[in-house]
Amino acid sequence: MFRTGIGYDVHQFADNRPLILGGVEIPHSQGLAGHSDADVLCHAIADAILGCLGLPDIGHYFPPTDASIEGICSLDILAKCRELCAEKGAEIQNVDSTMIAECPKVLPHAAAMKIKISDALGITPEQIGIKATTNETMGFVGRKEGIAALANALVEIK
Ligand SMILES: Nc1ccn([C@@H]2O[C@H](COP(=O)(O)O)[C@@H](O)[C@H]2O)c(=O)n1
Ligand SMILES: C[C@@]1(CO)OP(=O)(O)OP(=O)(O)OC[C@H]1O
């Protein structure tokens, strides 16, 4: 049986934070705010995988109220998704994603992100799609207030 899932996340830009996307630190004047490392791309991917499995979302497993996970690396969240897939007998077929960011340019870092994400999920970089677009100056993304990410995933449950 094949199952798909979707994920969406958004984080606000903040001063004095590193910008972590897909497990990679991207040089930029601001980072993203969050209880975790605020890796908006990994969060969208995690929710897409959890959706495939029919499980609750990221906040169920990693509550924003849990002080013990403050600053958690979101690749660890993907590793948890990998464990949950194994428990359910699910094999990830592919993950696709789009980041929506007015700045900075992120596509030059896509290959590095694919390596980090695929390592965490136990799949190959070729099974991961990473794309990016600006919001053509419109809305909160267009005003450079934050970054959004969309993802979908396909798993096979044998
Ligand atoms: N944050 C971003 C946004 C876009 N890109 C790359 O630029 C291309 C053109 O973006 P438009 O929104 O102007 O169509 C896009 O296809 C991406 O390759 C990027 O790297 N980082
Ligand atoms: C992983 C968590 C943990 O607080 O990260 P946050 O940085 O709060 O990010 P968000 O995408 O708002 O919600 C997911 C949370 O569960």
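Residues numbered from 1 in each chain as written. Chains lettered and ligands numbered in written order. Predicted model: local features only at pLDDT ≥ 70, side-chain atom pairs only at ≥ 80, totals over all residues.

A separate point is the site of ligand 2. Taken together, D9, G34, H35, S36, A38, H43, I58, G59, F62, P64, I69 and I77 form the complete shell of residues around ligand 2. Grouping the constituent residues of the shell around ligand 2 by class yields six nonpolar, five polar and one charged. (Near = placed C-beta within 6 Å. Nonpolar A, V, L, I, M, F, W, Y, C, P; charged D, E, K, R; others polar.)

Those places that UniProt annotates as "binding site: a divalent metal cation" (unreviewed entry) correspond, in this numbering, to D9, H11 and H43. Across 35 residues, the annotated set stays spatially compact, with a maximum C-alpha separation of 10.1 Å. Turning to its location among the elements, H11 is positioned in strand β1 (residues 2-14). Residue position: H43 is located in helix α1 (residues 40-53). With 27 C-beta atoms counted inside 10 Å, the residue H43 sits in the buried group. (UniProt positions renumbered as here; feature names shortened; annotations may be inferred. Helix = DSSP H or I, 4+ residues; strand = E, 2+ residues; numbered from the N terminus. Buried ≥ 20, exposed ≤ 12 C-beta atoms within 10 Å, placed from the backbone.)

Moving on: the nonpolar core. Within the largest apolar cluster, 43 residues are counted, with the highest numbers of intra-cluster contacts made by I45 and I49. Those elements giving two or more residues to this core turn out to be β2 (19-21), α1, α3 (74-87), β5 (90-100), α4 (110-121) and β7 (146-157). The element that contributes the greatest number of residues to this core is α1, accounting for ten residues. Apart from the residues lying within four places of it in its own chain, the contact partners of I45 are G7, L78, V95, S97, I117, A151 and A153. (Core = buried A, V, L, I, M, F, W, Y, C linked by C-beta atoms within 7 Å. Contact = placed C-beta atoms within 7 Å.)

With eleven bridges connecting them, β1 and β7 associate as antiparallel partners. Looking at the pairing, I6 lines up with N152 of β7. (Pairing = 2+ DSSP bridges.)

In this structure, E156 sits in strand β7. Here E156 falls in the partly exposed class, since 13 other C-beta atoms lie within 10 Å of it.

Bringing the sheet that holds β1 into the picture now. If you walk across this open sheet you meet the five strands as β4-β1-β7-β5-β6, and the pairing is mixed. In this open sheet, the two edge strands, each paired with only one partner strand, are β4 (31-32) and β6 (131-133). Relative to β7, β5 is paired through ten bridges, and the arrangement is antiparallel. Note that in β7 the partner of S97 across the bridge is A151. Against the sheet, α1 contacts β1, β4, β5 and β7, and its axis sits at roughly 155° relative to β1. (Axes fitted to C-alpha atoms, helices over the stretch in contact; angles between N-to-C directions.)

With that settled, the discussion passes to the environment of P125. Along the chain, P125 falls in the loop between α4 and β6. Along the backbone, P125 and A111 are 14 residues apart, and their C-alpha atoms lie at a distance of 8.0 Å. Sequence-distant contacts of P125, defined by excluding residues within four places in its chain, comprise K114, I115 and S118.

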